[in-house]
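Residue-level listing of the chains:
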Amino acid sequence: MSNKILQKRNITNTNKPTHIESDVGELVVNTLTGRVYTQKSDGTTVELKDFNDRWRGNWLLPNTSNSVNATLKDTQLESGFVPRSVVASGGYVFVGTESNTSTNTGMTIRSYSVDPDTGVYTLQSTWTDSSYGFYDEVLNLQISGDYLLAKKLDDAILIFTWDDTDGSLNLINSTSIVSSNSPNDDIHGYYVLDDYIYTSSAQYLKVYSLSASPSLITSYDIGASSTAPWLDGAIWSNGEFVIGLSEFEGAYIWSFDGSTLTYKSNYDVGTDQFQAITGDKNVIFIQDGAAIHSFTIDSSGTLTEVTDKVHSSGTSPYQTSHLYNTSLHSDGHYLYSGHTAYLRGYASDSSLYEWLWYNTSITNVYQMSSHGHFLHVACDEGVTIFP
């Protein structure tokens, strides 16, 4: 039998090691907290963290007594084009806007580079929709591999390729995923994961292949009866289950095995209006007008609310700016929640999420995306960046 190599570890308490207990450069694991420490050359002991944890520039224990106002690093607002969506990847930030009603110019997607030190945006390229619609806007940008996807109002999912040398976009498909112009088939929510595109409407939950020419894999007819759920909220998937939100009827869960959608369960919290959903490695978060609810999901597709993770809003409701919105975002380390009047950030310590920071200088948060140590926010003031 081969020898087992064990890292130096502390299994008795949650204390970080002293300089006497570790050598310079040696790693020490605390098995009770999962934290890893090392000793620097100057004799001090520090905790090792993932680079994404450095987005605020310094460490702050997650509790409300030391919450701080998050500082804007930069804001970009192109005249007449209000941001409605944002996604960051590969050194670029892509910002979707509404159409410009003053100049009758179509909706746009703009790509920016970001200075890694100062956080300053520099415009690199602009894609403009050749057709103008008074109410047209780019809602919910998502990136998967070489593809950038954008929802055009409730009408269609546009698919682009993007150049990683200058951030320029090339529209390659605008006809494969479209609404049939029936109110029951308007595209409310969509979510991209791995090789699949999930879409929800009032009557249908659909799954498409992710490619230059997406094909419909399966469609689940929810039904148009008065008792059927109306999927008018956001949609999310962890790869095994798909969760669609109904504003007044809660969360509906389906399993997906690569070819077939199977209805599993429903979770209804009563009169609360489910609006936004996201998840990380362990928890699913759903935001309504009053709180953020936290759930686990078991192998049967049943949601269980984790009551000690619910955050009541008190006198500041968690009201979001529009339905089937994307104003709840998790990067696996932090949870960000956008509202009509402010933005909040949460951190996790000992599995309990706490309010960590806030900003009240922005209104109507539409979508957020984190990349490296920056958080990008699409709101009425423009696309903003927080370190």
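Residues numbered from 1 in each chain as written. Predicted model: local features only at pLDDT ≥ 70, side-chain atom pairs only at ≥ 80, totals over all residues. Heavy atoms only, no water.

### Side note on the sheet that holds strand β22 (residues 261-267)
To keep it simple, the criterion reads: For two strands to pair, DSSP has to find at least two bridges joining them. Each helix is a run of H or I in the DSSP string that is no shorter than four residues. Each strand is a run of E no shorter than two, and both are numbered from the N terminus. Angles shown run from 0 to 180 degrees and are taken between the N-to-C directions of axes, each axis being a line fitted to C-alpha atoms and, for helices, limited to the stretch in contact.
As summarised here, the arrangement of the four strands in space is β19-β20-β21-β22, forming an open sheet in which the pairing is antiparallel. Of all strands in the sheet, those bounded by a partner on one side alone are β19 (235-237) and β22. Taking the axes of each pair of neighbouring strands and ignoring which way they run, one obtains an average angle of 20° across the sheet.

### Describing the pairing of strand β33 (residues 374-379)
Where we set the bar: Throughout, exposure labels follow a simple rule: accessible area from a 1.4 Å probe, protein chains only, divided by the maximum for the residue type, with under 20% read as buried, over 50% as exposed, and the rest as partly exposed.
Among the six residues of β33, six are classified as buried, and the element is accordingly described as predominantly covered. Of the two faces of β33, the one lined by Phe374, His376 and Ala378 and the one lined by Leu375, Val377 and Cys379 are each fully buried. Two elements, strand β32 (residues 367-371) and β33, share five bridges in a ladder whose sense is antiparallel. Across the sheet, His371 pairs through a bridge with Phe374, a residue of β33. What sits between β32 and β33 in their antiparallel hairpin is a turn of two residues, with Gly372 showing a positive phi close to 65°. As judged from the five bridges shared by β33 and strand β34 (residues 382-386), these two strands associate in the antiparallel manner. Counterpart to Cys379 in the pairing with β34 is Gly382. The hairpin turn running from β33 into β34, its antiparallel successor, is two residues long.

### Digging into the sheet that holds strand β8 (residues 92-97)
Each strand in a sheet pairs with its neighbour through backbone hydrogen bonds, running either in the same direction (parallel) or in the opposite one (antiparallel). A sheet is described by the order of its strands in space; here four strands give the open sequence β7-β8-β9-β10, paired in antiparallel fashion. Strands at the two margins of the open sheet, each flanked by one partner only, are β7 (83-89) and β10 (121-128). Here the strands of the sheet are splayed against their neighbours by 20° on average, with no regard to which way each runs. Sheet topology places strand β9 (residues 108-114) next to β10; seven bridges connect them, and they run antiparallel. What sits directly across from Tyr112, in β10, is Leu123.

### With respect to the pairing of strand β29 (residues 334-338)
Among the five residues that make up β29, five are buried, leaving the element largely enclosed by the rest of the structure. The alternating pattern of β29 places Tyr334, Tyr336 and Gly338 on one face and Leu335 and Ser337 on the opposite face, and all of these are buried. Taken together, strand β28 (residues 328-330) and the strand that follows it, β29, pair antiparallel across an intervening segment of three residues, in which Gly332 is found at a positive phi of about 90°.

### Observations concerning the side chain of Ser99
Structurally, Ser99 can be placed in the loop between β8 and β9. Here Ser99 falls in the buried class, since its relative accessible area comes to 2%.

### Looking at the nonpolar core
Using the following cut-off: What we call a nonpolar core is a set of buried Ala, Val, Leu, Ile, Met, Phe, Trp, Tyr and Cys residues that are connected through their side-chain atoms within 4.5 Å. Whether two residues touch is decided by their heavy atoms; if any such pair falls within 4.5 Å, the residues are in contact.
Of all hydrophobic cores here, the largest spans 25 residues; its most connected members are Ile243, Leu245, Ile277, Ile284 and Ile286. The element contributing the most residues to this core is strand β21 (residues 250-256), with five residues. Apart from the residues within four sequence positions on either side, Ile277 is in contact with Ala234, Ile235, Trp236, Ile243, Leu245, Ile284, Phe285, Ile286 and Leu328. In this structure, Tyr92, Phe94, Leu158 and Trp162 belong to the second largest nonpolar core, which totals 15 residues.

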